[in-house]
Amino acid sequence: MSVTLHTSLGDLKLEIFCDTAPRTSFNFLALAASGAYDGTEFHRNIKGFMIQGGDPTGTGKGGDSIWGGTFEDEFHPDNIHDRRGIVSMANKGPNTNRSQFFITYGSQPHLNNMYTTFGRLLDGWEVLDQFERLPCVGGPKKSLANKPINPPIIKGVTIHANPLAEEGIVYPSKTGPPERVQ
């Protein structure tokens, strides 16, 4: 399963882990298909750590899941922060996933079982390198310290393959079991 984030600095092709993080993948793919990420910026950038996006307000405080509000964490032993290019949900603590996500700039094992990993970068490494080099506003105010001066924008998302949709699998609620639709 893969998607391409078309950003103002170039394309990032991501593999999405529909098999090991299905509910999180469903949320991300449904938001992407609805255009929820179109026009949003990567609002937080910490060199050597990660870049974060997916907030329609651009503040780091906004965005909802496809069900509205938050949904639970989804951990799997194969989904770990062991390299550059891992894609995970941003959160405010346990079980507070919404629309925001981040992409790591390196191994971040301290994030394992704290942030749901649901994908990895397949292509666009030079774009991720550009992201990491972006200068930030800086200063003591937390909301601006790591905000890129010229934040990259997600112009659109192409979904190349979605096995959940192809098999008619939906998650009608944030906690209930998946259902098959025809």
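Thresholds applied
- Residues numbered from 1 in each chain as written.
- Predicted model: local features only at pLDDT ≥ 70, side-chain atom pairs only at ≥ 80, totals over all residues.
- Heavy atoms only, no water.
- Helix = DSSP H or I, 4+ residues; strand = E, 2+ residues; numbered from the N terminus.
- Buried < 20%, exposed > 50% of the residue type's maximum accessible area, 1.4 Å probe, protein only.
- Contact = heavy atoms within 4.5 Å.
- Lys, Arg positive; Asp, Glu negative; His and termini not counted.
- Charge placed at Lys NZ, Arg CZ, Asp CG, Glu CD.
- Patch = residues over 30% accessible without salt bridge, like charges linked within 9 Å, V, L, I, M, F, W, Y side chains within 5 Å.
- Areas by Shrake-Rupley, 256 points an atom, 1.4 Å probe, with all protein chains shown as cover.
- Salt bridge = Lys/Arg side-chain N within 4 Å of Asp/Glu carboxyl O.

1. Here we look at the overall build of the protein chain
Scanning the protein chain from terminus to terminus reveals 4 helices and 10 strands. Overall, the protein chain shows an N-to-C arrangement of helices and strands of β-β-α-β-β-β-β-β-α-α-β-α-β-β. Across its three principal axes, the protein chain shows a C-alpha extent of roughly 50 × 30 × 30 Å. By residue count, 48% of the 182 residues in the protein chain fall in the buried class. By sequence separation, contacts in the protein chain at least 24 residues apart represent 69% of the contacts at least 6 residues apart. Placing the 17 positive and 19 negative side-chain charges of the protein chain at their respective mean positions leaves the two points 9 Å apart.

2. Description of a nonpolar patch on the surface
On the surface, a nonpolar cluster with roughly 240 Å² of combined accessible area is contributed by Val137, Leu144 and Ile149. Relative to the helices and strands, Ile149 is located in the loop between helix H3 (142–145) and strand E8 (154–161). On the basis of relative accessibility, which here comes to 49%, the residue Ile149 falls in the partly exposed class.

3. A word on the pattern of salt bridges
Across all of its chains, the model carries 5 salt bridges by this definition. The partner of Arg120 in a salt bridge is Glu15, with the nearest N and O atoms 2.6 Å apart. Taken as a pair, Arg120 in strand E7 (residues 117–123) and Glu15 in strand E2 (residues 10–16) lie far apart in primary sequence, 105 residues in all. By relative accessible area, Arg120 is classed as partly exposed at 31%. We classify Glu15 as partly exposed; its relative accessible area is 24%. The network of salt bridges with common partners includes Arg84, Asp129 and Glu132.

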